[in-house]
Amino acid sequence: MGTDRDTGEDEPGSTDRGSSSGAGSATGAGTSAGDVDVCVVGAGPVGLTLAIGLRLFGLRVRIVDKAPATKREARALMLWARAGEAFDALGVGETLRRNGVELDVVTIHARDRVLGELTTGWARSAYARPLSIEQHDIERLLRTELARLGTGVEWNTELTDVKVHDDRAEFTLRHDDGTVESAAAPWIVGCEGTASVVRDRLGIPFEGRRRTGLQVVQGNARPTWPLGEEPGRGHIFLAPRRSLLVFPLPGGGYRFSCFRDDPDPTLTAAPAFDELRDLVADTARMPGLRLGPAGTPWLNRARFSDRVAARLRCGRGLLAGDAAHAWAPVGGHGMNVGILGAHNLAWKLAAVHHGHAGEELLDTYSDEQRLLAVRYIREMRFNFMELPLPPWGYRAFTATVPVALARRGFQQRLDLRLSDLGRSHRDSALSWHRAGRLHRSGPRAGDRMPDVTVTTRLSDRPSPEPARLHTLLGYEYWTLLLDASRARVEVLHALREACAVLPVPVRILPVTPWDEPGSGPLGHPDDLRLVRPDGYVGLVAPLARTDLLRDYLTAFVADGPDAVGGSPQFRPRRAH
C-alpha cells in the first residue's frame, strides 16, 4: 500500500516515447542540461508530487517512467491528514477529496465481538479525516494537474545509467522502440521505487533487512455480509496470527488487507479470489460471507523489507519515495511519507537551483526525511492493531482495547499519531528554537504550524471574517508570524530590514487568535515564528531579537561552512 509506481491510465498531458508538451518538459535525443532543470525518474505519487512542486517554482521538469501509459493498478489507498495538507498547499487537495471518501469511524472486532469504535477527525486541520482514494486515481489527478502546469509524463522511457558531476547529472534513457538517448540536467531525482536505478548508480547503500514471518493478502471486493455498507465506516478484525483491515472504496465496496503469518514463503503468486474470501470469512467469523468484484479488479500478495537509503543525496542526484525508504505497509503510511518528502524537497531544490540558498540546504532534506522514515520503522514494531499476534498476545491485547477506546484522550492521541500532524523536524539543522526564557507555549522550531483560526487585523480594530491559518501560509514563500498586538510600525520596519537578506519572499503576517483555544497554539505574543514554505516552524525567537532572525536567514542563503547545517552548533542528530 505504500508503493510509488505509476499505475494510471492515459489522459491529457501523458505522452509516449518522449513527446511531452509544455515548457516544463524537454525531450528528444541528446537533450542538454540547458533544456531542463530537473529530471524526475518515476511517475508514481511521489514523482508527480515533486514535479508539481518544482513547476510551481518555475523549474523546467522532465518526468520519465518505464511503465506503459495504460498500466492501472490499485495499490495504496489511504491519504492521512498531513499529506492532505501538503496536497492542499500544492493546489490539488480539494480535487483529491472530491474523488475520495472520508473515513469517519472504524469498528474494531475480535472474532465475533465488537471491542469498540475508533473515531477520526479530532485534530485541527482542514483534512482531519483520512481520505480513502486509490493510488491510480491519485496519480491520474496529479498527472492532470501537472499537465495543466505544462509538463507531461514520458512513458515507456527507462533510465539505464546515471553519472553526476559538479554542475549536472548525465543519464541514459532507453525508449520502447529500442533507441537510446543521452541526456543531461542540473539535477536528477530517483522516485522509481525500491529497485531504483538512480540509487544503484549513485552507489548509495539501501540499508536494512527483509522482514520474515509476515505477508499481506489483499484485494478489492464487495461483500455480502451482515454489516451492511457505510461509505465512511471501516472495520478491523483481530484474530490470532492475523489482522484484517477493511476500508471503503470511493466507488463502493471495500479494500480487504489481511496481515498474516507466512507459513509458506515459497508461495509468491497473487491470491485467488477464493483464498481472499476464505481468509476474510475465517478472520471475521462469517462462514457464509460472499465476495463479489468492486472497483478496480485487484488481488495482491506481498512480502517486505524494511530499508532506508544511507543518504538521500549524492551531489546532483537525490532520492525520494520508495527509492529512499520502504517498509511493510503496516499503518498504511508508506505513500504518505514519500509524498511529504517530495513536498519537503521541491521548495529546497528550487531555492538551491535559483541560487537563493547553498547546496547544504538539500542535506537538510536528506536528514529530515531519513529520520522520519527510521522513526516509522521503529514505531511499526509496536502496531499491535495490525501486526499478527500469537494467541497469548492476541488475548492480552484484545483485553485492553475496549478500555482504551472508551477514553477520549486515547482516541485523540491515536488520531494525532495516525494523522502525521504531530511529526516534527525538531532535530533538523533548519530548526532554531530561541524562545524567551519563560515562553513555553506554542509550537517549537521543527513542529508543524497548527492550523488555528485567526484574524489578520490588529486586535483593537474591527475584525474581518476569521480564517484558518494554513490558508494564509503559502508554499512559494516563507511566513513570519507575530501577534498583531505587537505589530507596531517600528517593529514591522525592523522585521522587514532583517528579512531583506533573504532573496526569496517572506510574508510578514500579524495575526490575532479568533478564540481562546488558539492563543496557546500560536505561542507567546512576545515571540516570532518563521514558518517554512512546507508549513514547519523554522525559527522561534523573541520579537525584539531581530539579530537572531537575520542570523537564521543569513545561514539559509549562505554556502559552505556558514550555511545551514554547516556550523557544528546547528548540525542535526543523524538517524541510524
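Residues numbered from 1 in each chain as written. Predicted model: local features only at pLDDT ≥ 70, side-chain atom pairs only at ≥ 80, totals over all residues. Heavy atoms only, no water.

(A) Geometry of the overall build of the protein chain. The number of helices and strands found in the protein chain is 13 helices and 31 strands. Burial analysis of the protein chain (576 residues in total) assigns 60% to the buried set. Pairs at least 24 residues apart make up 76% of the contacts formed inside the protein chain by residues separated by at least 6 positions. (Helix = DSSP H or I, 4+ residues; strand = E, 2+ residues; numbered from the N terminus. Buried < 20%, exposed > 50% of the residue type's maximum accessible area, 1.4 Å probe, protein only. Contact = heavy atoms within 4.5 Å.)

(B) Focus on helix α11 (residues 489-499). Buried residues of α11: Val-491, Leu-492, Leu-495, Ala-498 and Cys-499, and no others. For α11, the buried positions fall inside an angular range of 125° around the axis, keeping them on one side. Exposed and facing more than 90 degrees away from the buried side of α11 are Val-489 and Arg-496. The secondary structure elements touched by the buried residues of α11 are β28 (478-483), β29 (506-513), β30 (527-531) and α13 (546-557). (Arc of directions from axis to C-beta.)

(C) Representation of helix α7 (residues 334-353). The terminal C-alpha atoms of α7 lie 28 Å apart, and with 20 residues this matches the ideal 28 Å at 1.5 Å per residue to within 8%. With 19 of its 20 residues buried, α7 lies for the most part within the structure. Gly-355 occupies a position one or two residues after α7 and carries a positive phi of about 80°. (Expected span 1.5 Å × (residues − 1).)

(D) Geometry of the sheet that holds strand β8 (residues 131-132). The sheet built from three strands is open, its strands ordered β4-β8-β5 with antiparallel pairing. Of all strands in the sheet, those bounded by a partner on one side alone are β4 (78-79) and β5 (101-102). Relative to β8, β5 is paired through two bridges, and the arrangement is antiparallel. Following the sheet pairing, Val-101 is matched in β8 by Ser-132. (Pairing = 2+ DSSP bridges.)

(E) Region of the structure containing unusual backbone geometry. In this structure, Arg-111 takes a positive phi of about 60° despite not being glycine. For Arg-285, which is not a glycine, the phi torsion comes out positive at approximately 55°. Along the chain, Arg-285 falls in the loop between α6 (273-284) and β19 (290-292).

(F) Expanded view of the sheet that holds strand β12 (residues 180-185). Overall, antiparallel pairing links the three strands, which are arranged β10-β11-β12 in an open sheet. Strands with a single pairing partner mark the edges of an open sheet, and in this sheet they are β10 (157-164) and β12. Sheet twist, expressed as the average angle between the axes of neighbouring strands with direction ignored, equals 25°. Note that β10 and strand β11 (residues 169-175) share seven bridges and pair antiparallel. (Axes fitted to C-alpha atoms, helices over the stretch in contact; angles between N-to-C directions.)

(G) Seen up close, the pairing of β28. The element β28 is largely enclosed, with a buried count of six among its six residues. Sheet analysis places β28 next to β29, joined by six bridges and oriented parallel. Looking across to β29, one finds that Leu-482 is bridged to Pro-510. Taking the sense of rotation as the criterion, the β-α-β connection linking β28, α11 and β29 turns out right-handed. Two elements, β28 and β30, share three bridges in a ladder whose sense is antiparallel. (Right-handed = clockwise from strand over helix to strand, strands pointing away.)

(H) Fine view of the nonpolar core. Within the largest apolar cluster, 96 residues are counted, with the highest numbers of intra-cluster contacts made by Leu-79 and Phe-556. Per element, the largest residue contribution to this core is ten residues, and it comes from α7. Counting residues in hydrophobic clusters, the runner-up holds 38 residues, among them Leu-249, Ala-302, Phe-304 and Val-337. (Core = buried A, V, L, I, M, F, W, Y, C linked by side-chain atoms within 4.5 Å.)

(I) How the structure looks around the packing of helix α2 (residues 81-89) against α7. Interaxial distance between α2 and α7 falls to 9 Å at its minimum, and their mutual angle equals 35°. The two elements α2 and α7 cross, and the hand of that crossing is left-handed. In this structure, α2 uses Arg-82, Ala-83, Ala-86, Phe-87 and Ala-89 to contact α7, whose residues at the interface are Asn-336, Ile-339, Leu-340 and His-343. Among the residues making up the contact of α2 with α7, the classes are represented as six nonpolar, two polar and one charged. (Left-handed = near helix turned anticlockwise from the far one by under 90°. Nonpolar A, V, L, I, M, F, W, Y, C, P; charged D, E, K, R; others polar.)

(J) Representation of the packing of aromatic side chains. On inspection of all chains with the given rule, the structure shows twelve aromatic pairs. Ring geometry for Trp-478 against Tyr-552: centres 6.2 Å apart, planes inclined by 75°, an arrangement best described as edge-to-face. A residue pair is termed long-range when its members are at least 10 positions apart, and Trp-478 in strand β28 and Tyr-552 in helix α13 qualify at 74 residues. Taken as a pair, Trp-478 and Tyr-552 share a single burial class, namely buried. Chaining the aromatic ring pairs together yields one cluster made of Trp-347, Trp-432, Trp-478, Tyr-552 and Phe-556. Over the ring of Tyr-127 we find Arg-97, and its NZ or CZ is 4.1 Å from the ring centre. Over the ring of Tyr-376 we find Arg-423; its NZ or CZ atom is 4.1 Å from the centre of that ring. (Phe/Tyr/Trp six-rings, centres within 6.5 Å; stacked < 30°, edge-to-face > 60°. Lys NZ or Arg CZ within 6 Å of the ring centre and 35° of its normal.)

(K) Molecular detail of the side chain of His-109. Locating His-109 in the fold gives a position in strand β6 (residues 105-110). Since its relative accessible area comes to 6%, His-109 is described here as buried. In this structure the side chain of His-109 is engaged in a polar contact, spanning 2.9 Å, whose partner is the side chain of His-235. Setting aside residues no more than four positions away along its own chain, His-109 makes contact with Val-114, Leu-115, Leu-227, His-235, Ile-236, Phe-237 and Leu-238. (Polar contact = N/O pair within 3.5 Å; in protein donor to acceptor, adjacent residues only side chain to side chain.)

(L) Representation of the pattern of salt bridges in the model. The full count for this structure, using the stated rule, is 40 salt bridges. A salt bridge links Asp-37 to Arg-60, with the shortest nitrogen-to-oxygen separation between them at 3.0 Å. Placement of Asp-37 in the loop between β1 (14-16) and β2 (38-41) and of Arg-60 in the loop between α1 (45-56) and β3 (61-64) is noted, with a sequence separation of 23 residues between them. Arg-260 is paired through a salt bridge with Asp-261; the nearest N and O atoms lie 3.1 Å apart. Using a relative accessible area of 14% as the deciding quantity, one classes Arg-260 as buried. Note on Asp-261: relative accessible area 23%, which makes it partly exposed. A single network of salt bridges, built from pairs that share partners, joins Arg-313, Arg-316, Glu-359 and Asp-363. (Salt bridge = Lys/Arg side-chain N within 4 Å of Asp/Glu carboxyl O.)

(M) Summary view of the packing of α1 against α7. The N-to-C vectors of α1 and α7 enclose an angle of 25°; their axes lie 8 Å apart at closest approach. Overall, the two elements α1 and α7 adopt an arrangement that is roughly parallel. The element α1 and its partner α7 pack so that their crossing is right-handed. The segment α1 lies against α7, with Pro-45, Val-46, Thr-49, Leu-50, Gly-53 and Leu-54 engaging Met-335, Gly-338, Ile-339, Ala-342, Leu-345, Ala-346, Leu-349 and Ala-350. Partitioning the contact of α1 with α7 into residue classes produces eleven nonpolar, three polar and no charged. (Parallel < 35°, antiparallel > 145°, perpendicular 65-115°, else oblique.)

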